Amino acid sequence: MIRRLSIVIAVVSFGLVFASLVIGYAERQSPRPLAESYIRLVPQELGAANVVTGILLTYRAFDTLGEVAVLFMVAAGVGLVLGGERPSRGVPSDVRPDGARPSSEIVQTGTQILVPLISIFAAYIIMNGHLTAGGGFQGGAVIASGVLLMLLAHPQYQPDLEFLGITESAAGALFVLAGIAGLIVADGFLDNRILPLGQFGAFFSAGAIPVLSVLLGIKVGCELSVVLERFRA
Amino acid sequence: MTDLIGSVLVLLGAIFHFSAGLGMLRMPDAYTRMQAGTKASTLGNTLVLTGLAIHHPGWSFKLLIIVYFVLITNPISSHALARAAHAIRLPMAGDAGIDALRDVQQRAGNGT
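Counting starts from 1 at the beginning of each chain's written sequence and moves along it residue by residue. Chains and ligands are labelled sequentially in the order written, the chains with letters from A and the ligands with numbers from 1. Under the rules for a predicted model, residues below a pLDDT of 70 receive no local features and side-chain atom pairs below 80 are neither given nor counted, while totals for whole chains, interfaces and linings still include all residues.

**Q** Honestly, the overall build of chain A in this entry has me stumped. Any pointers?
**A** Each helix is a run of H or I in the DSSP string that is no shorter than four residues. Each strand is a run of E no shorter than two, and both are numbered from the N terminus. Check the secondary structure of chain A and you find eight helices and zero strands. Counting from the amino terminus, helix and strand elements in chain A follow one another as α-α-α-α-α-α-α-α. We compute the radius of gyration over the C-alpha atoms and compare it with the globule rule, which gives 2.2 Å times the number of residues raised to the power 0.38. For 233 residues, the compact-globule formula gives about 17 Å, and the C-alpha radius of gyration of chain A, at 23 Å, lies well above that figure. Any residue whose C-beta has 12 or fewer other C-beta atoms within 10 Å is treated as exposed, any with 20 or more as buried, and any in between as partly exposed, C-beta atoms being built from the backbone. Counting the 233 residues in chain A, one finds 28% classified as buried. Residue pairs in contact within chain A that sit at least 24 positions apart in sequence constitute 70% of those at least 6 positions apart. Any two residues are considered in contact once their C-beta atoms, placed from the backbone, lie within 7 Å.

The structure is reproduced here in structure tokens:
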């Protein structure tokens, strides 16, 4: 009885809290001053048609670098926790005691069609980050979904972890180097004006934003692929 | 007129999506639920995207690629799910003792 009463009280009080939120909500008719200045400045200063990517890769690029570092630490932590009893390199995959059933022919054939499609889509998302919705993080996640499909369709398939690690580190180092180049050539760390801005809305435009986007996509894709590979039983 | 046709197609697609959701709730076992979820949503997706293509003819090529993607992925995923359910011997509702996949596997097992 007391339990039921306390549940009712909890539900009613939650309802009161949310009701006050709903009643107090008023839609904003104009953007805040900060948003307005971003909307004005990003196309003008950075030459990027997509305001969000412009903010993420220039004004808040240091924050983005921190996020990528967090992702890197996640990959390293997963490797540390789950990578203990891996079979040593050089053991052929069919000798490994792998209990997974082979997937059916339909799945394998479908994978052959879908993985190129997914890769092209990922490249499209990454390369058009400065023009439409998209960017490095999203494209990297799509790349990792292609790797996940490969892992599901071919249980014996083993991504080259060493290659992934080296590629990821190189992309990260180049990202930081691009930032330092911004310190020297342009106005500050990770300034996108180290490259010519080009024509607004064109494919090659917005300075270094597409380059940074590509580096970010490679890095995120490699990291998530390593995490997926580690989570395989 | 074209707007009306596009809207009707989108609405038809939404009805198919609704029936897919209803099937997920109402069907008795994993196999029928899965086929309700994937078959009806394949047609629903195609109809919604066709309606969008009629609304915005400029998008048709991209929408065609999405339809192609859905037409490949939905059957493959339902096939993989059904095989996985069959492999762990999930029971069928109203089992009539007919199981073609098991028969084929047994025959292949005896043959070799």
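Further notes follow.
**Q** Where do I start with the confidence of the model for chain A in this structure?
**A** The predicted coordinates should not be examined in detail at positions where pLDDT is low. The quantity called pLDDT is the predictor's confidence in a given residue, expressed from 0 to 100. Chain-level statistics for chain A give a pLDDT mean of 80 and a share of 91% at 70 or above. When pLDDT is averaged over each helix and strand of chain A, the minimum, 78, is found for helix H2 (residues 33-46) of chain A and the maximum, 91, for helix H1 (residues 2-24) of chain A.

**Q** I'm lost on the nonpolar core in this one. Help?
**A** Generally speaking, nonpolar side chains in soluble globular proteins are found buried as a group. By definition, a nonpolar core groups buried Ala, Val, Leu, Ile, Met, Phe, Trp, Tyr and Cys residues that are joined through C-beta atoms within 7 Å. With 33 residues, the main nonpolar core has A:Ala122, A:Phe175, A:Ile209, A:Leu212, A:Leu215 and A:Leu216 as its most contacted residues. Counting only elements with at least two residues in this core, the list comes to H2, helix H3 (51-59), helix H4 (61-82), helix H5 (105-127), helix H6 (136-153), helix H7 (161-185) and helix H8 (209-231) of chain A. When near neighbours in sequence (up to four residues on either side) are disregarded, A:Leu215 contacts A:Ala171, A:Leu174 and A:Phe175. Membership of the second largest hydrophobic core comes to five residues, among which are B:Leu9, B:Leu47, B:Val48 and B:Leu49.

**Q** So what exactly am I meant to see when it comes to H4(A) here?
**A** Each turn of an α-helix holds 3.6 residues, which means side chains three or four residues apart point in the same direction. Residues and elements named next belong to chain A. By this rule the span expected of a helix is its residue count minus one, scaled by 1.5 Å. For H4, spanning 22 residues, the distance from its first C-alpha to its last is 31 Å, which sits close to the expected 32 Å at 1.5 Å a residue. The complete set of buried residues in H4 reads Ala61, Thr64, Val68 and Ala75. Projection of H4 onto a plane perpendicular to its axis shows the buried side chains occupying an angular sector of 55°, all on one side. Residues of H4 that are exposed and angled more than 90 degrees away from the buried face: Phe62, Asp63, Gly66, Ala69, Val70, Met73, Gly77, Leu80 and Val81. In the core, the buried residues of H4 are packed alongside H3, H7 and H8. The directions from the helix axis to the C-beta atoms form the arc being described.

**Q** Is there a simple way to think about the interface of chain A and chain B in this case?
**A** A common measure of how large an interface is: the accessible area buried when the components associate. Each partner contributes to the interface: chain A provides eight residues, whereas chain B provides eight residues. Partitioned by chemical class, the residues of the side of chain A that touches chain B number five nonpolar, two polar and one charged. Throughout this entry, Asp, Glu, Lys and Arg are counted as charged residues, while Ala, Val, Leu, Ile, Met, Phe, Trp, Tyr, Cys and Pro are counted as nonpolar. The remaining residues, Gly among them, count as polar.

**Q** How do you make sense of the packing of H6(A) against H8(A) when you look at a structure like this?
**A** Any two packed helices are characterised by how steeply their axes cross, that is the angle between the axes, and by the distance between the axes. Residue and element names in this part refer to chain A. Note on definitions: angles span 0 to 180 degrees between N-to-C directions of axes, and those axes are lines fitted to C-alpha atoms, for helices only across the stretch in contact. Two elements in contact, H6 and H8, have axes separated by 7 Å at closest approach and are oriented at 35°. Two packed elements cross with a definite hand, and for H6 against H8 that hand is right-handed. When H6 is examined against H8, the residues Gly136, Phe137, Gly139, Gly140, Ala141, Ile143, Ala144, Val147, Leu148 and Leu151 are found in contact with a partner set consisting of Ser213, Leu216, Gly217, Lys219, Val220, Gly221, Leu224, Ser225 and Leu228. Here the contact of H6 with H8 is composed, by residue class, of 11 nonpolar, seven polar and one charged. Take the far helix as your reference; a near helix turned counterclockwise from it by less than a right angle gives a left-handed crossing, and one turned clockwise gives a right-handed crossing.

**Q** Is there a simple way to think about the environment of A:Ile126 in this case?
**A** All names here are of chain A. Within the secondary structure, Ile126 sits in helix H5. Sequence separation between Ile126 and Leu183 is 57 residues; the distance between their C-alpha atoms is 25 Å. In contact with Ile126, other than residues within four places in its own chain, are Gly134, Gly136, Gly139, Ser213, Val214 and Gly217.

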